[in-house]
Amino acid sequence: MDLPLDITIYMVNIAFFVSGIGTFIQTTRIGPIGSGLLSIQATSFIFPTAFIAIGATALENGASKEEVVALMSGATVVGSFVQMGLSRMTGLLNKVFTPLVCGITVTMVGISLLNVAMTNVVGGFAALGTEDFASIRNISLGAIVLLTILIFNCFKNPAIRMSAMIIGFIVGFLISWYLGMLNPRPENVPVISIPVPFKYGFDFQLGGFISIALLYVISTVEATGDLSATSMLSKEPTSGPVFIKRLGGGILCDGFASFVAGAFNSFPMAIFAQNNGVIQLTGNASRHVGKYIAVFLFILGIFPIVGVVFNIIPDPVLGGALILLFGIITATGMRIIFTDPMTRRSILIIGISMGVGIGAALPGYVPENWF
């Protein structure tokens, strides 16, 4: 939507800031809010398309950039109550979203994200249509990062094994620095950014809210699957009253963090499926780790210059790590699926769900005249 640099930087800062708040509550569990698991929160992948549509329509109707942000914030805040309401229905949700349904959801999330990972490896979405896209240099850099992570993950020393991801990033960063592949550093970045509630205002339109509300329902289903996987990997119950309590608290924290994000003019929050990939890879499911991560994210939100370091890392470095993470997410979803007996009914549900889901994600299935 071609937002001004100052608005973009502020919204990114707030995303880090609220991620820290949400992650701390999620891992600590304050009263009924939070799962008490190693559940890191960040801005959700599933909302951008709807927000782009809302913003584009508003711009066509003569809205200013600030009014567009206010409109998106309004949909985020009001929509968050949908998810917070669903969190109080976890008993029903647990009956509807069985391990089979959640396993399919997690598997499909992993499969859909693999496209993002592979696109990053070959140069990123910004490189589409350029000579740099799918170049040998990009693919080689992504492969080196992936291979580095795998090698260090095979060490018997737990500290080295758990550091495999960081070591992979450092190796990729150093190689890309030597090859001159680092992304350009943004200019005019403030040293400190203080979050301001409704800095760009608040607005609400029913049309935009409906699409966002539906996405909050989908986000709830995704959170159910993610929390199921995290509970299993953490060797915690995946059924019964303890799990229901964790599930309700985790979904409630999702909605609450989204409310806070909208109040500060940023986007909805969600528990990330990547958590499960990292837990599987490092073997560390301690929720206390999440508290340190929360503080780190909080700092990133206040000192945006720190976030610049992550912005200059080229996409192939990120993609090399994401291939492994998203592949593990897919495998974790399949593991959840197979906790149920594979009856004829289960196979039909899996076949229909994955057939429609993967088929809908394939390019070229929608006729042009539909638009």
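Note that the coordinates shown come from a computational prediction; the quantities given were computed from them, not determined experimentally.

Asker: Is there a simple way to think about the overall build of the protein chain in this case?
Answerer: Within the protein chain one finds 15 helices and two strands. Each of the three principal axes of the protein chain carries a C-alpha extent, and together these read 55 × 50 × 50 Å. For the protein chain, with 371 residues in total, the buried portion stands at 47%. Partitioning the contacts of the protein chain with sequence separation of at least 6, the portion at a separation of at least 24 is 82%. Roughly 17800 Å² of accessible area belongs to the protein chain as shown, and the carbon and sulfur atoms make up 70% of that amount. Taking the 17 positively charged and 16 negatively charged side chains of the protein chain as two groups, their mean positions are separated by 21 Å.

Asker: Any chance you could explain the confidence of the model for the protein chain here in plain terms?
Answerer: Reading fine detail from the predicted coordinates is not recommended where pLDDT is low. On average, residues of the protein chain score 85 in pLDDT, and 96% of them reach the 70 mark or higher. Mean pLDDT across the secondary structure elements of the protein chain bottoms out at helix α13 (residues 304-311), with 71, and peaks at helix α6 (residues 136-153), with 93.

Asker: It is not clear to me how the pattern of salt bridges should be interpreted in this structure. Could you clarify?
Answerer: It is possible for side chains bearing opposite charge to pair when their charged atoms get close. In total, this model carries two salt bridges according to the counting rule given. With a closest N to O distance of 3.9 Å, Asp 132 and Arg 137 form a salt bridge. The partly exposed category is assigned to Asp 132, whose relative accessible area is 33%. Residue class for Arg 137 comes out partly exposed when judged on its relative accessible area of 40%. For the salt bridge of Glu 236 with Arg 246, the shortest nitrogen-to-oxygen distance reads 3.4 Å.

Asker: In this structure, what is going on with helix α9 (residues 206-233)? I would like to understand it.
Answerer: One full turn of an α-helix is made of 3.6 residues, so residues set three or four places apart face in the same direction. Between its first and last C-alpha, α9 extends 40 Å over 28 residues, near the 40 Å set by a 1.5 Å rise per residue. For α9, a buried count of 21 out of 28 residues is recorded, marking the element as mostly surrounded by other parts of the structure. The first or second residue beyond α9 is Lys 235, which carries a positive phi of 60 degrees.

Asker: I keep staring at the packing of aromatic side chains and nothing clicks. Help me out?
Answerer: Geometrically, a pair of aromatic rings is defined through the distance of the ring centres and the angle of the planes. Per the stated rule, a full pass over the model turns up 11 aromatic pairs. Their ring planes at 85 degrees and their centres at 5.4 Å tell us that Phe 198 and Phe 202 sit as a pair that is edge-to-face. We classify Phe 198 as partly exposed; its relative accessible area is 37%. Plain terms: the ring middles of Phe 204 and Phe 209 are 5.5 Å apart, the flat faces sit at 55 degrees to each other, and that makes the pair tilted. Note on Phe 209: relative accessible area 17%, which makes it buried. Members of the aromatic cluster, connected to one another through ring pairs, are Phe 47, Phe 51, Tyr 216 and Phe 267. When the ring centre of Tyr 10 is taken as origin, the NZ or CZ atom of Lys 199, which lies over that ring, is 4.5 Å away.

Asker: Just to check I follow, could you spell out the environment of Gly 283 for this structure?
Answerer: Mapped onto the fold, Gly 283 is located in the loop between α11 (274-282) and α12 (287-302). The class of Gly 283 is exposed, set by a relative accessible area of 63%. Between the C-alpha atoms of Gly 283 and Ala 134, which are 149 residues apart in sequence, the distance is 33 Å.

Asker: Quick question: what am I supposed to make of a nonpolar patch on the surface here?
Answerer: A contiguous nonpolar surface patch, about 600 Å² in accessible area, is contributed by Val 191, Ile 192, Ile 194, Val 295, Ile 299, Phe 303 and Ile 305. Along the chain, Val 191 turns up in the loop between α8 (164-178) and α9. Residue Val 191 is classed as exposed on the basis of its relative accessible area, which comes to 58%.

Asker: Mind showing me how you'd approach a negative patch on the surface here?
Answerer: Taken together, the side chains of Asp 6, Glu 66, Glu 67 and Asp 203 make up a negatively charged region of the molecular surface. Along the chain, Glu 66 turns up in helix α3 (residues 65-86).

Procedures and definitions
Residues numbered from 1 in each chain as written. Predicted model: local features only at pLDDT ≥ 70, side-chain atom pairs only at ≥ 80, totals over all residues. Heavy atoms only, no water. Helix = DSSP H or I, 4+ residues; strand = E, 2+ residues; numbered from the N terminus. Buried < 20%, exposed > 50% of the residue type's maximum accessible area, 1.4 Å probe, protein only. Contact = heavy atoms within 4.5 Å. Areas by Shrake-Rupley, 256 points an atom, 1.4 Å probe, with all protein chains shown as cover. Lys, Arg positive; Asp, Glu negative; His and termini not counted. Charge placed at Lys NZ, Arg CZ, Asp CG, Glu CD. pLDDT = per-residue confidence, 0-100. Salt bridge = Lys/Arg side-chain N within 4 Å of Asp/Glu carboxyl O. Expected span 1.5 Å × (residues − 1). Phe/Tyr/Trp six-rings, centres within 6.5 Å; stacked < 30°, edge-to-face > 60°. Lys NZ or Arg CZ within 6 Å of the ring centre and 35° of its normal. Patch = residues over 30% accessible without salt bridge, like charges linked within 9 Å, V, L, I, M, F, W, Y side chains within 5 Å.

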